[in-house]
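Structure assessment
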Amino acid sequence: MQNSQGKGRVNFPFPYTPYSIQEDFMANLYDVLEAGKVGIFESPTGTGKSLSLICGALSWLRDFEEKKKQEEARLLADEHSGQDKQQQPTSCSAEASNCQGSAGELVWITEFMQKKEEQAMVDRLKEEQIRRKKREDRLEKIRHNVQLKYASKRKRLEDDETQRLLQLSKEILSTELGSDVLEQLDHEEEELILAEYESDEEKKVELGLDDDDDDDLEEEHVTKIYYCSRTHSQLAQFVHEVQKSPFGEEIRLVSLGSRQNLCVNEEVRHLGAVQLINDRCVEMQKNKHGKKSEGEESEGKKRRVSRAVCPFYSYEQMQFLRDEVLVKVKDIEQLVALGKETKACPYYGSRYAIPAAQLVVLPYQMLLHESTRCASGIKLKDQVVIIDEAHNLIDTITCIYSAEVRGSQLCCAHSQLLQYMERYRKRLKAKNLMYIKQILYLLERFVSILGGNVNQNPNAQSISQAGTELKSINDFLFQSQIDNINLFKVCHPVEVEDGQPKMASPLMQIEGFLSALTSANQDGRVILNRQGTVAKSSLKFLLLNPAVHFAKVLKECRAAIVAGGTMQPVSDFREQLLSCAIGADRVVEFSCGHVIPPDNILPIILCSGPSNQQLEFTYQKRDLPHMVSTMGRILGNLCNVVPGGVVCFFPSYEYEKQVYTHWEGTGLLTRLATKKKIFQEPKKANQVEQVLAEYTKCIKRCSQVGGHVTGALLFSVVGGKMSEGINFSDDLGRCVVMVGMPYPNIKSPELQEKMAYLDKTMPRTAGQPPSKMLIENLCMKAVNQSIGRAIRHQKDFASILLVDHRYARPSVFNKLPQWIKERTEIKYTFGLAFAALRKFHHEKKSCYRSEAS
């Protein structure tokens, strides 16, 4: 392990000698956290971003906790010394006693209140010290007391044996006594199981737990860092980095995830769909805590109501799992394995570990969605938030808080809810009955505004006026005739007691849409999409102002870091997410360079083709035969000089298909195939791995065997399956080609509404309207993500070819990542560009061969 000193002589423990850019990254990160600001950090792939985040942030947390302990010790020492002088009047109190009138009374009151606050703080510090000492002692006991672990394991084995014998006896009785007796035994067994769960509170002593321990961990939230990223695989990779870091042995870390990723109950897991798993899990928790209603008792033998409970939802075992999680760092897979071993639910058990954890690792949605955040027990007050892979943060928040319901879901929800109301009308309280009737009315109106009727088959109801219509929230409420209903009360789901669900309840989607309609009128729009039949039509809420939700995160937390490999252009983050929540002085930007030598990358902006015709792949010109043919000639020349793999990005699947068909007809594909085997990015996600495997295999074979075919050519799509998260390192991506500029479809109703909203609410930048800046930024974010697929480590090398003269415009050029922009060459003729590319790859190929030998 190495210790690196950054600015302010902070020691940053590191597993190896860090690069200078990593030292700068950690030092700037530390300063942002210390100052309680918001940082936008950019660190290219291959520069050790995750490790820099870990060591920089946890070094700050280490120092913060140490300073806090020192301050606590000082206050407690002052309090102790103050008790010795308690009988001696201070000069202030003596003066106050001699003062007459209201002025003297105010001084005395102020002094009294100050002493009271100081004493309350001291008492609070003493309680925190006691709780901290108890927690540390218990975790240390678990860490070193093997006997305690095996006592719990022995009890689990005994429970398994009891369950096995019970099942065996049931099978024998079923054969000898018949199904009626067996049904009665099942019912009695169910009652015994419920009774066993209800007695969990009596079993805490076995693991050294008591009520005080439980209360401590539920109430006390230590200072912590919340780290979130997009996918579970990215989170797992981050946890592995933590395990390898100098903090891996001492940090208390907990990984949070969805039920789909954490559930260990095979009965629930086999349901597959996320909503089915959630519904079944919630139902089993109701069965555990709930009591039988009079109706269920009266039905008796006529109808046994399923009251299955989850055997993994055991208080005792989840407490044990919590402590095991806090003792040693575990990723999601290790957490699931521990849950199976301990017979404890990882989904709920991991939540018990949140208060005492120092580092909480979780997916985007769990942190950014307010109701999910609250339900998960996440408290951001005075904590640190790190959002990684944040290049698409605006889109993520917009997607999380947008909601869409199809006509078929509306009709299905109305039918189910109506049947429920008719069946349980006598049992429902008047208040709940009123809410159900209001929801039924809302559903009727939603179907009506789509042009249908809830009492008819949605698949058989044709829509006379198909098309898309956008409305403000208020206009939609008025047109639907629901503006007199309090959606804040209605949008929460009414608790019902259905049997085991056979399909995901559409009411969940309805609830999300109703909740979205409670947004401020200016923050969103409602899109009415009428398509053919009522079933295919839909209502969609589009969030226009993601800042209103992100502001709640920023106002609660102590400091926040928004990080990514490619964050440019950052103006979107400042204007659309930060400007309305915090002042510009609280925002810090940091972008580090790359670890590769400057001559290991050659970015070129190509302005003209082989026939000296200007390259401009606009929507109006890119379909022209001579433009398509020119692009083919450029690729043909590239494949002659570039070894290994060439990845060519097109603006869309439709355009890629069109170009491919044209080249196939002209024979160009056949000529390209003499140098590179051709692959196409599949539209289906489950085919991506197979294509990548074949692409990789082909390149490796060509490098080993030699011959006329020197590698492979992969046609990909910007924003597709291979433009993010795919590693084209070394020979897999020796050249990345970007055909044209992938501007979004400005005819999209959602994008048009977003553009209008920004023009109305945001100031102009450099004389340009915000809508134009949005379109340009969306384009360049997509470009930057795609061209960043190639360079992945220090010794890697690649060329980048941006095929369109518009990349040379200053407003576009300045939006490239700094480490690429400072090395980019603008070539106005193809001859100059081709010469530079040939020289670059010839030199790198020679260098590569000499190193290999």
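Residues numbered from 1 in each chain as written. Predicted model: local features only at pLDDT ≥ 70, side-chain atom pairs only at ≥ 80, totals over all residues. Heavy atoms only, no water.

The name given to the chain in an unreviewed UniProt entry is ATP-dependent DNA helicase DDX11, with the source organism recorded as Gopherus agassizii. In UniProt, the chain has this text filed under Cofactor (unreviewed entry): "[4Fe-4S] cluster". One UniProt comment on the chain, placed under Catalytic activity (unreviewed entry), says "ATP + H2O = ADP + phosphate + H(+)". (UniProt positions renumbered as here; feature names shortened; annotations may be inferred.)

Concerning the side chain of Arg351
Secondary-structure assignment places Arg351 in helix H15 (residues 346–352). Only 2.9 Å separates the side chain of Arg351 from the backbone oxygen of Ala375, close enough to count as a polar contact. (Helix = DSSP H or I, 4+ residues; strand = E, 2+ residues; numbered from the N terminus. Polar contact = N/O pair within 3.5 Å; in protein donor to acceptor, adjacent residues only side chain to side chain.)

A closer look at the packing of helix H18 (residues 393–401) against helix H25 (residues 571–578)
Relative orientation and spacing of two packed helices are given, respectively, by the angle between their axes and the distance between those axes. At a minimum axis separation of 10 Å, H18 and H25 run at an interaxial angle of 30 degrees. Facing Leu393, Ile394 and Ile397 of H18, the residues of H25 in contact are Asp572, Phe573, Gln576 and Leu577. When the residues that make up the contact of H18 with H25 are grouped by side-chain class, the tally is 5 nonpolar, 1 polar and 1 charged. (Axes fitted to C-alpha atoms, helices over the stretch in contact; angles between N-to-C directions. Contact = heavy atoms within 4.5 Å. Nonpolar A, V, L, I, M, F, W, Y, C, P; charged D, E, K, R; others polar.)

What about the sheet that holds strand E12 (residues 559–564)?
Either a parallel or an antiparallel arrangement is found when strands of a sheet pair, and the pairing is made through backbone hydrogen bonds. With respect to topology, 7 strands assemble into an open sheet ordered E5-E6-E4-E7-E12-E3-E13, the strand pairing being parallel. Each end of this open sheet is capped by a strand with a single partner; those strands are strand E5 (253–255) and strand E13 (587–591). Direction aside, neighbouring strands of the sheet carry axes that sit 15 degrees apart on average. Note that strand E7 (residues 384–387) and E12 share 4 bridges and pair parallel. (Pairing = 2+ DSSP bridges.)

Digging into the pattern of salt bridges
By the definition in use, this model includes 22 salt bridges. Among the ionic pairs, Lys552 bridges to Glu370, the shortest N-O distance being 3.0 Å. Here Lys552 is found in helix H24 (residues 547–556), whereas its partner Glu370 is found in helix H17 (residues 370–375), with 182 residues between them in sequence. The salt bridge partner of Lys844 is Asp599, with a shortest N-O separation of 3.9 Å. With Lys844 in helix H34 (residues 830–852) and Asp599 in the loop between E13 and strand E14 (601–606), the pair connects residues that are 245 residues apart, well separated along the chain. Sharing partners across several salt bridges, the network here consists of Lys49, Asp388 and Glu389. (Salt bridge = Lys/Arg side-chain N within 4 Å of Asp/Glu carboxyl O.)

Here's the deal with helix H29 (residues 688–705)
Compared with the 26 Å implied by 1.5 Å per residue over 18 residues, the 26 Å span of H29 between its first and last C-alpha is a close match. Looking at H29, one finds that the buried residues are Val688, Val691, Leu692, Tyr695, Thr696, Cys698, Ile699 and Cys702. One face of H29 carries all of its buried residues, which in axial projection span an arc of 160 degrees. Projecting away from the buried face of H29 at angles above 90 degrees are the exposed residues Glu689, Gln690, Lys697, Lys700, Gln704 and Val705. Of the surrounding secondary structure, the elements contacted by the buried residues of H29 are strand E15 (644–650), strand E16 (676–680) and strand E17 (711–717). (Expected span 1.5 Å × (residues − 1). Buried < 20%, exposed > 50% of the residue type's maximum accessible area, 1.4 Å probe, protein only. Arc of directions from axis to C-beta.)

Looking at the sheet that holds E16
Sheet architecture is open: 7 strands sit in the order E16-E17-E15-E18-E19-E14-E20, paired in parallel fashion. The open sheet is flanked by E16 and strand E20 (825–827), the only strands paired with a single partner. For this sheet, the mean angle separating the axes of adjacent strands, direction not counted, is 20 degrees. As defined by bridge partners, E15 adjoins strand E18 (residues 735–739) across 4 bridges and the pair is classed as parallel. In the strand pairing of E18, Val646 is matched with Cys735. Helix H27 (residues 653–666) rests against E15, E16, E17 and E18 of the sheet, and its axis sits at about 135 degrees to E17. Against the sheet, H29 engages E15, E16 and E17, with an angle of about 155 degrees to E17.

Observations regarding helix H20 (residues 430–449)
For H20, built from 20 residues, the straight-helix expectation of 28 Å at 1.5 Å per residue is met to within 8% by its first-to-last C-alpha distance of 29 Å. Taken residue by residue, H20 has Leu433, Tyr435, Ile436, Ile439, Leu440, Leu442, Leu443, Arg445, Phe446, Val447 and Ile449 as its buried positions. Those residues of H20 that are buried lie in contact with helix H19 (407–424), helix H21 (473–479), helix H22 (487–490), helix H23 (507–516), strand E10 (524–531) and strand E11 (533–543).

Examining the confidence of the model for the chain
Per-residue confidence for the chain gives a mean pLDDT of 82, with 80% of residues at or over 70. Confidence over residues 185–218 falls short of pLDDT 50; this stretch has 58 contacts with residues more than four positions distant or in other chains. Low pLDDT (under 50) marks residues 293–306, which in the prediction has 13 contacts with non-local residues, meaning those over four places away or in another chain. (pLDDT = per-residue confidence, 0-100.)

Observations concerning the packing of aromatic side chains
Taken as a whole and judged by the stated rule, the model has 23 aromatic pairs. Look at Phe476 and Phe513: their rings are 6.2 Å apart centre to centre, the planes differ by 85 degrees, and that puts the pair in the edge-to-face class. Separated by 37 residues along the polypeptide, Phe476 in helix H21 and Phe513 in helix H23 bring together distant segments of the chain. On the accessibility criterion, Phe476 (0% relative accessible area) is buried. The exposure class of Phe513 is buried, given its relative accessible area of 1%. Of the aromatic side chains, those joined through ring pairs into one cluster are Phe650, Tyr655, Tyr660, Trp663 and Phe715. Between Arg622 and the ring centre of Tyr655, over which it is positioned, the NZ or CZ distance is 4.7 Å. (Phe/Tyr/Trp six-rings, centres within 6.5 Å; stacked < 30°, edge-to-face > 60°. Lys NZ or Arg CZ within 6 Å of the ring centre and 35° of its normal.)

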